[in-house]
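# Commentary on secondary and tertiary structure
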Amino acid sequence: MSAELDRIKLEAGWKAALQAEFEQPYMRKLSEFLRSEKAAGKVIFPPGPLIFNALNSTPLAQVKVVILGQDPYHGPGQAHGLCFSVQPGIATPPSLLNIYKELKRDLNIDIAQHGCLQHWADQGVLLLNTTLTVEQADAGSHTKAGWQHFTDRVIAVASERQQNLVFLLWGAHAQTKEKLIDASKHLVLKSVHPSPLSAYRGFIGNGHFSRTNKFLAQNGESPIDWRLPAL
């Protein structure tokens, strides 16, 4: 194991499964890119210790559901390494509010008063952005930095090593990852993105939350409690 990998704080199951990725040239280039950006005085989100928060919050052996986002929120205090989620005390973003609206319609779960989805991650919902960092105030700024090679492998590992997962692919970008998933043993649910630009063209009404829990129950897994406790 390289010294670089040794320094990375990553859940043991994911670390073992992804060890080879950290040895790849793209990962070394990505590490150098992030160091140079910080040295140039640029502010990068999420904070360093939270870059791998999705993997650390949801150990590989405990993954039941995978939700894919694109890249982190780029405003101060928002991103904490879980897609669609914001840190406590930050206003709920519009896409997440539409997710809550579908939860209310589908499962009659009251709309949460905050935007922190840690409770989902703790139950086995892998909340994975396909790009794990972003420069402040510059959405999509790191999409070509190399992260997608890494997160493609994360998706493939989850598909290969786990059984009876539910993959929620919301929007065109997430759906490009369908090729990484073995649909013969997992449930893949697709719809438009929950963004205000598209949510009322098929996200609201997709029934993904109840369908997820039905599939989990049919395969001997406990359902996800989608209700978010007060902070």
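Right, let's walk through the structure included here.

Thresholds, definitions, all that
- Residues numbered from 1 in each chain as written.
- Predicted model: local features only at pLDDT ≥ 70, side-chain atom pairs only at ≥ 80, totals over all residues.
- Heavy atoms only, no water.
- Helix = DSSP H or I, 4+ residues; strand = E, 2+ residues; numbered from the N terminus.
- Rg over C-alpha atoms; globule rule 2.2 N^0.38 Å.
- Buried < 20%, exposed > 50% of the residue type's maximum accessible area, 1.4 Å probe, protein only.
- Contact = heavy atoms within 4.5 Å.
- Lys, Arg positive; Asp, Glu negative; His and termini not counted.
- Charge placed at Lys NZ, Arg CZ, Asp CG, Glu CD.
- Expected span 1.5 Å × (residues − 1).
- Core = buried A, V, L, I, M, F, W, Y, C linked by side-chain atoms within 4.5 Å.
- Phe/Tyr/Trp six-rings, centres within 6.5 Å; stacked < 30°, edge-to-face > 60°.
- Salt bridge = Lys/Arg side-chain N within 4 Å of Asp/Glu carboxyl O.

## Here we look at the overall build of the protein chain
- A tally of regular secondary structure across the protein chain gives nine helices and six strands.
- Rg of the C-alpha trace for the protein chain: 17 Å, near the compact-globule value of 17 Å for 231 residues, within the 12% margin.
- Principal-axis analysis of the C-alpha atoms gives the protein chain an extent of 50 × 35 × 30 Å.
- Residues counted as buried form 52% of the 231 residues belonging to the protein chain.
- Across the protein chain, every contact between residues at least 6 apart in sequence was considered, and the portion connecting residues at least 24 apart equals 67%.
- On the protein chain, the mean spot of the 23 positive side-chain charges and the mean spot of the 20 negative ones are 3 Å from each other.

## Some remarks on helix H5 (residues 94-107)
- Under the 1.5 Å per step criterion, the end-to-end length of H5 is 20 Å for 14 residues, consistent within 8% with the ideal 20 Å.
- Turning to H5, its buried residues are Ser-95, Leu-96, Asn-98, Ile-99, Tyr-100, Glu-102, Leu-103 and Asp-106.
- Where H5 is buried, its residues meet helix H6 (118-122), strand E5 (166-170) and helix H9 (208-218).
- Two residues or fewer past H5, Asn-108 is found with a positive phi of approximately 55°.

## Concerning the nonpolar core
- Formed by 64 residues in total, the largest nonpolar core has its most connected members in Trp-14, Phe-52, Trp-120 and Phe-150.
- Take this core: its biggest share by element is six residues, from helix H7 (residues 147-161).
- Phe-150 has contacts with Leu-18, Glu-21, Phe-22, Tyr-26, Met-27, Phe-52, Leu-55 and Leu-132, leaving out every residue within four places of it along the chain.

## Some details on the packing of aromatic side chains
- Summed over the entire model, instances satisfying the criterion amount to 11 aromatic pairs.
- Ring centres of Phe-22 and Phe-150 lie 5.5 Å apart, and the angle between their planes is 65°; on these two criteria the pair is classed as edge-to-face. Of this pair, Phe-22 sits in helix H2 (residues 12-22) while Phe-150 sits in helix H7, and the two are 128 residues apart along the sequence.
- Owing to a relative accessible area of 4%, Phe-22 belongs among the buried residues under this scheme.
- Assessed through its relative accessible area of 0%, Phe-150 is described here as buried.
- Ring geometry for Trp-147 against Phe-150: centres 6.0 Å apart, planes inclined by 70°, an arrangement best described as edge-to-face. You can see Trp-147 and its partner Phe-150 sitting in helix H7, three residues apart, about one turn around the helix.

## Considering the side chain of Lys-64
- Along the chain, Lys-64 turns up in the loop between helix H4 (53-57) and strand E2 (65-69).
- Buried within the structure, Lys-64 lacks any salt-bridge partner; Glu-221 is the closest side chain of opposite charge, at an N-O distance of 4.2 Å.
- Residue contacts for Lys-64: discarding those within four places in its chain leaves Gln-123, Gly-124, Asn-164, Leu-165, Val-166, Leu-216, Glu-221, Ser-222 and Ile-224.

## Looking at the pattern of salt bridges
- Under the counting rule described, the total for this entry stands at eight salt bridges.
- When the shortest N-O distance is used, the salt bridge between Asp-110 and Lys-104 registers 3.0 Å.
- Residue Asp-110 is classed as exposed on the basis of its relative accessible area, which comes to 59%.
- One salt bridge connects Arg-227 with Asp-225, and the closest N-O pair in it is separated by 2.9 Å.
- Given a relative accessible area of 53%, Arg-227 falls into the exposed group.
- For Asp-225, a relative accessible area of 26% corresponds to the partly exposed category.
- Bridged by salt links that share partners, the residues Glu-37, Lys-42 and Glu-135 form one connected network.

Worth remembering: the numbers are spatial, not functional.
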